[in-house]
Each structure stands twice: as C-alpha cells, then as structure tokens.
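# Breakdown of the fold
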Amino acid sequence: MRNLFLSIGKSIEEQSSDLGRGAFKNLGSFVFSIWEGLHRPYKFYFSEFVYFSSSSGVNAFGIIAITSAVAGVTSSYLIAEEVRRAGVGAEFMGGGVTQMLVTQLVPILVGLVVAGRTGSAITASIGTMKITEQIEALKSISTDPIQFLFFPRLFGLMLMLPCLTLLGCVMGNIAGFFAAERVLHLSWSTWTFSILDLFEMEKLFHSIYKSIIFGAIITFVSFYQGWTVHQSSEELSIRIQVGVVGSMTFILIANLVMTVLVF
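Thresholds, definitions, all that
- Residues numbered from 1 in each chain as written.
- Predicted model: local features only at pLDDT ≥ 70, side-chain atom pairs only at ≥ 80, totals over all residues.
- Heavy atoms only, no water.
- Salt bridge = Lys/Arg side-chain N within 4 Å of Asp/Glu carboxyl O.
- Helix = DSSP H or I, 4+ residues; strand = E, 2+ residues; numbered from the N terminus.
- Buried < 20%, exposed > 50% of the residue type's maximum accessible area, 1.4 Å probe, protein only.
- Patch = residues over 30% accessible without salt bridge, like charges linked within 9 Å, V, L, I, M, F, W, Y side chains within 5 Å.
- Areas by Shrake-Rupley, 256 points an atom, 1.4 Å probe, with all protein chains shown as cover.
- Core = buried A, V, L, I, M, F, W, Y, C linked by side-chain atoms within 4.5 Å.
- Contact = heavy atoms within 4.5 Å.
- Expected span 1.5 Å × (residues − 1).
- Bend = angle between axes of the 7 residues up to and from the residue.
- Arc of directions from axis to C-beta.

In this section: the pattern of salt bridges. Summed over all chains, the structure comprises three salt bridges. Across the pair Lys-139 and Glu-136 runs a salt bridge, and its minimum N-O distance is 3.8 Å. Separated by three residues within a single helix, Lys-139 and Glu-136 lie in helix α5 (residues 134–140), roughly one turn from each other. Glu-235 is the partner of Arg-239 in a salt bridge, and the nearest nitrogen-oxygen pair spans 3.5 Å. Here Arg-239 pairs with Glu-235, and both are found in helix α9 (residues 233–262), just four residues apart, close to one helical turn. Since its relative accessible area comes to 17%, Arg-239 is described here as buried. Assessed through its relative accessible area of 15%, Glu-235 is described here as buried.

Dropping the structure here:
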C-alpha cells in the first residue's frame, strides 16, 4: 500500500512538473513571438482592425446597454428605497448613483461581458487557426501572424472598451433616474444638478483608463490561450473556458489594484 501511494505521488509530481515546464515554454514562445512582431518591419493591418473593432465593439452595444441599464436601475432603486425610509438625501441621489456606476459598476460589467463575449471568440478563432495550420499558412506568405492577428485585436479592444464604458455610463445614468423618479418622484433637474455638484470628471477619466487596461488583459489572456492550442478541438474547448475565467479573474484583480493603489 505504501508503495502504491508513493508511486501515485511520484506520478502526480512528474505530471505537475511537466505541466509547469509546458506552461513556461508556451508563455516564453508567446512573448518571443510578440517581441519579433514588434521588431520586424511593422505593418498595421487597418482593415483587420476595423473589422474586429466593429464585431467586438459596435455589435456589443445592445448587450452593454441592457446590462448597464439594469445595473443603473438596481443600484438607484436600492439607494432610493433607503433614502425614502430615512427621509433625507434625495438631492444627492444623482451624484451618488453616477459615482457608483462610473467608478466601479460599469467598467467591471463591461469588462466581464466583453471577456465572455469577445474573449471566447478570440480564443476560438486563434485556436482553430492553430489546429488547421492557418498560422503556418500566414507565415508561408510572409505575413507575420502577430501583426495580422494580435495587434489589431489588442488595439481594437483598447479602443472599444472605453467607448462601451461611456455608453454604459450614459445608459445606466438614464435608467437610474427613472428608478429614482418612480420611488422618490425626483425631477430631472434635481438629478442633473446633483451630478454637476458631486461628480468629478476625473473619475470618468479613471474609468476610461481602467477600460483600456481591461481591453489589454482580455486580448493577452484570450489570444494566449488560443495561440498555445496544439492538439485537438477538445483542448480548444478547455482553452476557451480557461481564457474566459482567466480574463475575468485578472480584470477583478486589476480593478482592485487600481482602485486601492492607483486611483
């Protein structure tokens, strides 16, 4: 029995070591590919950038608008209920809800939605290209796959996430007003004056900075998971899950770090 447990432990240790070496090798290969893509004669594929920005950003307007509106209604309704019970604070509703939406809720929700929607698509498309050897085909026609595939997606998400965040802030604010108006019979002028008095524009710029970082995180994690697919579609399905979960996790960690240490 003792020998059995020892053999099992040794097998687990060897497999863990192999996984660690494999992960390190894949990461090193990915970083080296990006480094080469930056230092070769650089070509920016504008058409690919526009296509990806449209598919990842413009086509996501609907789900972002709905998600942000729900967040605005929920947060505003909960705060309005407390204000109604206390009988004070209605004149600060607009600024308080806007501050909550802009600084935390909307950037995180946009990042998580895009990580699930676009991040999974990036991993699936790049992984499929690896399995079907389309990456090698690009190299054979003297097209750098990093320049053609990675950088348009990176710049596309870093551009579109701030745009989606701005859209989410507007939709969440409008939806929040209707919730406050229903509970407290708050006027639009009171809501807007509260925003002008309490909300600092610097917070909006911080939210945009966060969104840019979130876009970079989604691209790096999702592209890396697709880039390191080698075997089959079964491996690709696992990589898609890992990419989505990893992107969401890193977004939450980055938000914590930026909230506590930077902003």
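Where nonpolar side chains cluster on the molecular surface, the patch consists of Phe-250, Ile-253, Leu-256, Val-257, Val-260 and Leu-261 and spans about 610 Å² of accessible area. Topologically, Leu-261 is positioned in helix α9. In this structure Leu-261 comes out as exposed when scored by relative accessible area, which is 68%.

Core analysis: the largest hydrophobic core is formed by 50 residues, its most contacted members being Met-93, Phe-150, Trp-191 and Phe-223. Residue assignment for this core shows that the elements contributing at least two residues are α1 (2–39), α3 (61–86), α4 (93–131), α5, α6 (145–184), α7 (188–198), α8 (201–227) and α9. No other element matches the 13 residues that α6 contributes to this core. Discounting residues that sit within four places of it in the chain, Phe-150 has contacts with Phe-30, Ile-34, Pro-145, Thr-219, Phe-220 and Phe-223.

Further remarks concern α4. Its 39 residues give α4 an end-to-end C-alpha distance of 53 Å, which sits within 8% of 57 Å, the value for a rise of 1.5 Å per residue. Remark: the principal bend of α4, roughly 50 degrees, maps to Leu-101. Following α4 by one or two positions, Glu-133 adopts a phi angle in the positive range, close to 60 degrees.

Side chains three or four residues apart in an α-helix point the same way, a direct result of the helix having 3.6 residues per turn. Listing the buried residues of helix α2 (residues 46–56) in full gives Glu-48, Phe-49, Phe-52, Ser-53 and Ser-56. Down the axis of α2, the sector holding all buried residues measures 130 degrees, keeping them to one side. Opposite the buried face of α2, at more than 90 degrees from it, the exposed residues are Phe-46, Ser-47 and Tyr-51. Looking at the buried side of α2, the elements it contacts are α4 and α6.

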